[in-house]
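Chain by chain, the residues run as shown.
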Amino acid sequence: MVNDEPVRASVGRGRWRMGPYYRGRRVMPAEGRGPDLRQARKVMRSRRLANGPATPLERVRQLQTSLQAKAKAEPAFRFYSLWDKVCRTDVLEEAYRACRRNDGAPGFDGVTFDQIATSGQDRWLEELRQELRAGEYRPQPLLRVWIPKSNGGQRPLGIPCIRDRVVEMAVLLVLGPIFEADLLRNQYGFRPEMDAKMAVRQAFWHVSDHGRSEVVDADLSDYFSSIPHGPLMRCVSRRVADGTLLSVIKRWLTAPVIEREQRTIRCTTVAKDRHRGTPQGSPISPLLANLYFRRFLLAWERFGHRKQLDARVVNYADDLVICCRPGNGSAALATMRQLMTRLGLTVNEAKTRLARLPEENFDFLGYSIGRFYGKDGAPYVGTRPSRKAVRRLLQRIHDATTPHKHAESPELRVAAINRLLRGWAGYFNQGPVLPTYKLVRWYVQRRLQRWLVRRSGQAGTGYRQYPDEYLYETLGLYALPHRRADLPSAKA
């Protein structure tokens, strides 16, 4: 016994001895207490600092590795102390850097990253950290922004101010590794080392290699805005027992929304009144959306639908397809509707259909999957960029070469077009894409030539005044690959 506490027998001289009531302090023999113990602690601390990670990013990654290892080792473990990790200086610094890289428009308060840098980034982060540690942090209202959808409608975004954005990113840095251990293998959206092309390849693999030729092409109506808060918070609290962190997440979900209409400002509390929705545009929203969609995937597995119907679900954010054996598609579609209703979600019947390959194709994440024909006319099941994806790119090229852009120099216009083309070709590089590249290449050349000739006040189409060689060699227009060997890697 030492100080009336049981200890284990030590091995070797000078070892620390720890009993079953050890709570993080080192228990030394009575003669070992005093200045020597304090000096030993200083030495150990200096050694840890000398051998520990040097940069905030490395320290954050070390924290994430520890959290994820614990979550994987104990699937039922609940983390009781996480808010102190969110308030760490290195976590907040890395969260700020991540938000700065993403850039984005300012929130309702109008504060920009340049303004924060001018006033002092370190001081701004320290004030935010003190506010978090003191329990005085309260989220500000979201700014409503509408962006166009591919079907001609508009999608609502809730843009948080930079202050809230940084805190959400800090929470994401802490919670992401924990829940990453729980997300399922067929969830591909917004996860490290996973992307949309991997989801497309998985769906194609089910169809081509395993004969699951009946595909439920499902669409959910306003998924992000329909997630019920109560069940969602239960999904979070299954792993998180930190009351402060849970209350902050709840405040984010129920934050009011400010919408500016001409000269008027309107404030709504739809999410709080309906107890539904996670705002698109917030850094934490993709993780919360994945957590709630996990409930559908677990139900699909645990109720035996995967085995009974031989139906495999591939999910990316709110997009999903269910690949089934011939004859099981109708049952899979009906079962999916029932489960979504039980989860409080709504299936968009106008966009949900059952595709029977190879007679029909289906679109998934910008690709069309189905039967195509080679040069010799032989049919095959493959992938290619969907018509909607091609039309959307051509429309963006059209918008980038309108008379409204005549004030810009040709070099700046070409640089903007190059960014579009590189990003599009970097994603759409799977399957027989060369014919599509040829079409896009022709359209870009003609639009740019016409834009140049009109900008200079000349007549004609610009084909002779600005030949293709001028576009590529002088202006530096990005040349889409002509050969398959020149395609960028299709691997994730």
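Note that this is a predicted model, so its numbers are computed, not measured. (Residues numbered from 1 in each chain as written. Predicted model: local features only at pLDDT ≥ 70, side-chain atom pairs only at ≥ 80, totals over all residues. Heavy atoms only, no water.)

Asks: I'd like a rundown of the sheet that holds strand β8 (residues 353-356), residues and numbers included.
Replies: Taken together, four strands build an open sheet; the order of strands is β6-β7-β3-β8 and the sheet is antiparallel. Of all strands in the sheet, those bounded by a partner on one side alone are β6 (312-316) and β8. Across the sheet, the axes of successive neighbouring strands diverge by a mean angle of 20°, strand direction being ignored. Summarising the sheet, strand β3 (residues 214-219) and strand β7 (residues 319-324) pair through six bridges and their orientation is antiparallel. Across the sheet, Val-216 pairs through a bridge with Ile-322, a residue of β7. Against the sheet, helix α8 (residues 196-210) engages β3, β6 and β7, with an angle of about 165° to β6. In the packing of helix α15 (residues 329-342) onto the sheet, the strands contacted are β3, β7 and β8, and the crossing angle to β3 comes to about 25°. (Pairing = 2+ DSSP bridges. Helix = DSSP H or I, 4+ residues; strand = E, 2+ residues; numbered from the N terminus. Axes fitted to C-alpha atoms, helices over the stretch in contact; angles between N-to-C directions. Contact = heavy atoms within 4.5 Å.)

Asks: How would you sum up the pattern of salt bridges? Please name residues and give values.
Replies: Note on pairing: side chains with opposite charge can pair once their charged atoms come close. Considering all chains together, one arrives at 24 salt bridges under this definition. The closest approach of N and O atoms between Asp-310 and Arg-312, which form a salt bridge, is 2.9 Å. An identical accessibility class is assigned to Asp-310 and Arg-312; each is buried. One salt bridge in this structure joins Arg-353 and Glu-360, with 3.8 Å as the shortest N-O distance. The partly exposed category is assigned to Glu-360, whose relative accessible area is 31%. A single salt-bridge network, built from bridges that share partners, covers Glu-93, Glu-94, Arg-97 and Arg-101. (Salt bridge = Lys/Arg side-chain N within 4 Å of Asp/Glu carboxyl O. Buried < 20%, exposed > 50% of the residue type's maximum accessible area, 1.4 Å probe, protein only.)

Asks: Got a sec to walk through the nonpolar core? Specific residues and values, please.
Replies: Core analysis: the biggest nonpolar cluster contains 77 residues, and Leu-175, Phe-296, Trp-300, Ile-322 and Met-336 have the highest contact counts within it. Broken down by element, this core gets its largest block of residues, eleven residues, from helix α7 (residues 162-180). Ranked by size, the runner-up nonpolar core spans 47 residues in total, among them Ala-196, Cys-323, Ile-369 and Leu-480. (Core = buried A, V, L, I, M, F, W, Y, C linked by side-chain atoms within 4.5 Å.)

Asks: Lay out the layout of surface pockets in plain terms, naming residues and giving numbers.
Replies: Considered as a void within the structure, the second largest pocket measures approximately 770 Å³ in volume. Contributing to the lining of the second largest pocket are 26 residues, with Gln-64, Leu-172, Leu-173, Gly-176 and Pro-192 lying nearest its centre. For the lining of the second largest pocket, the secondary-structure elements that each account for two or more residues are α2 (56-73), α4 (89-102), α7 and α13 (285-302). No other element matches α7, which puts seven residues into the lining of the second largest pocket. Split into classes, the residues belonging to the lining of the second largest pocket amount to 14 nonpolar, six polar and six charged. (1 Å grid on protein atoms, 1.4 Å probe; cavity = no way out; pocket = protein on both sides within 12 Å on 5 of 7 lines; lining within 4 Å. Points joined across faces, edges and corners; volume = space filled by probe spheres on them. Nonpolar A, V, L, I, M, F, W, Y, C, P; charged D, E, K, R; others polar.)

Asks: Report on unusual backbone geometry, specifying residues and quantitative values.
Replies: Residue Pro-358 is bonded to the preceding Leu-357 through a cis peptide linkage, with omega at 5°. Positive phi outside glycine occurs at Phe-190, with the angle close to 55°. Relative to the helices and strands, Phe-190 is located in the loop between α7 and α8. According to the relative accessible area criterion, Phe-190 is partly exposed, its value standing at 48%. A positive phi is found at Leu-365, a non-glycine position, where the angle reads about 55°. Following the sequence through the fold, Leu-365 ends up in the loop between β9 (362-364) and β10 (367-373). Take Leu-365: its relative accessible area is 18%, and that puts it in the buried class.

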